[in-house]
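Read off the chains here:
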Amino acid sequence: MIREIYDSELNELLELYLHLHEKEVPDITEHIENIWDIIINDKNHHIIVNEIDGKIVSSCVCVIIPNLTRNIRPYAFIENVVTHKDYRGRGYATQCLNYAKKLAIKDNCYKMMLLTGSKDDKTYEFYANAGYNSSDKTAFIQWLE
């Protein structure tokens, strides 16, 4: 079942992120609870999950960003696309991305974009099959400490 995350599912999401790039599930501190509260209550911040047999197996984040160009149309940024390693290759992440696309269309976004740190051809093929291309724009990243 594709849906937006419930506010009670923070721990499940943090456990799923172990299949993204996190090394451990962080302790639930006041800081994390405050960030979670901000995210959950932000109408432009969507955490999309795919639940199979009562377990969150895939997720992505879609943030709708207000914009003053392109006829004052917002754009969507996709981040943290992840599927539990035992559930990969079944289309669950694609379903999350498709849900995000519906949200972006509903909010009149003019584009969706994402970045990946992966250098794997399978990852590039996955995003291409989901409708993304890597030829229109060039991404530059500056990591901050």
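Our subject is the structure listed above.
Residues numbered from 1 in each chain as written. Predicted model: local features only at pLDDT ≥ 70, side-chain atom pairs only at ≥ 80, totals over all residues. Heavy atoms only, no water.

Novice: I tried to follow the pairing of strand E3 (residues 55-65) on my own but got confused; where do I start?
Specialist: Note on strand geometry: in a regular strand, side chains alternate between the two faces of the sheet. Across the 11 residues that make up E3, a large majority, 8, are buried. Inspection of the sheet shows strand E2 (residues 45-52) paired to E3 by 8 bridges, in the antiparallel sense. Following the sheet pairing, Ile47 is matched in E3 by Val61. Following E2, the chain reverses through 2 residues before pairing antiparallel with E3; Asp53 in that reversal takes a positive phi of roughly 50 degrees. In the sheet, E3 pairs with strand E4 (residues 75-83) via 7 bridges, with the strands oriented antiparallel. (Buried < 20%, exposed > 50% of the residue type's maximum accessible area, 1.4 Å probe, protein only. Helix = DSSP H or I, 4+ residues; strand = E, 2+ residues; numbered from the N terminus. Pairing = 2+ DSSP bridges.)

Novice: Would you mind going over the side chain of Asn50 with me for this structure?
Specialist: The topology assignment puts Asn50 in strand E2. For Asn50, the contacting residues outside a window of four places in its chain are Met1, Ile2, Lys55, Ile56, Val57, Ser58, Tyr92, Gln95 and Cys96. (Contact = heavy atoms within 4.5 Å.)

Novice: What is the right way to look at the sheet that holds E4 in this model?
Specialist: As a general point, the strands of a sheet are linked pairwise by backbone hydrogen bonds and lie either parallel or antiparallel. The 5 strands are arranged E1-E2-E3-E4-E5 in an open sheet whose pairing can be described as mixed. The sheet is open, and its two edges are formed by strand E1 (2-4) and strand E5 (112-114), each paired on a single side. Sheet twist, expressed as the average angle between the axes of neighbouring strands with direction ignored, equals 30 degrees. (Axes fitted to C-alpha atoms, helices over the stretch in contact; angles between N-to-C directions.)

Novice: I'm lost on the nonpolar core in this one. Help?
Specialist: Ranked by internal contacts, the top residues of the largest apolar core, which has 18 residues, are Ile48, Cys60, Cys62, Ile78, Val81, Leu97 and Tyr132. At the level of secondary structure, the elements contributing two or more residues to this core comprise E3, E4 and helix H3 (92-106). Take this core: its biggest share by element is 6 residues, from H3. Residues within four places of Leu97 in sequence aside, it is in contact with Cys60, Ile78, Val81, Met112, Phe126, Tyr127, Ala130 and Tyr132. (Core = buried A, V, L, I, M, F, W, Y, C linked by side-chain atoms within 4.5 Å.)

Novice: Looking at this model, I keep getting lost on unusual backbone geometry. Mind explaining?
Specialist: Glycine aside, the phi torsion of most residues is negative, and most peptide linkages are trans. Even without being glycine, Asn71 reaches a positive phi, approximately 60 degrees. As for its placement among the helices and strands, Asn71 is situated in the loop between E3 and E4. Residues other than glycine seldom take positive phi values, yet Asn80 does so here, at roughly 55 degrees. By the element assignment, Asn80 lies in strand E4. Classification of Asn80 as partly exposed rests on a relative accessible area of 23%.

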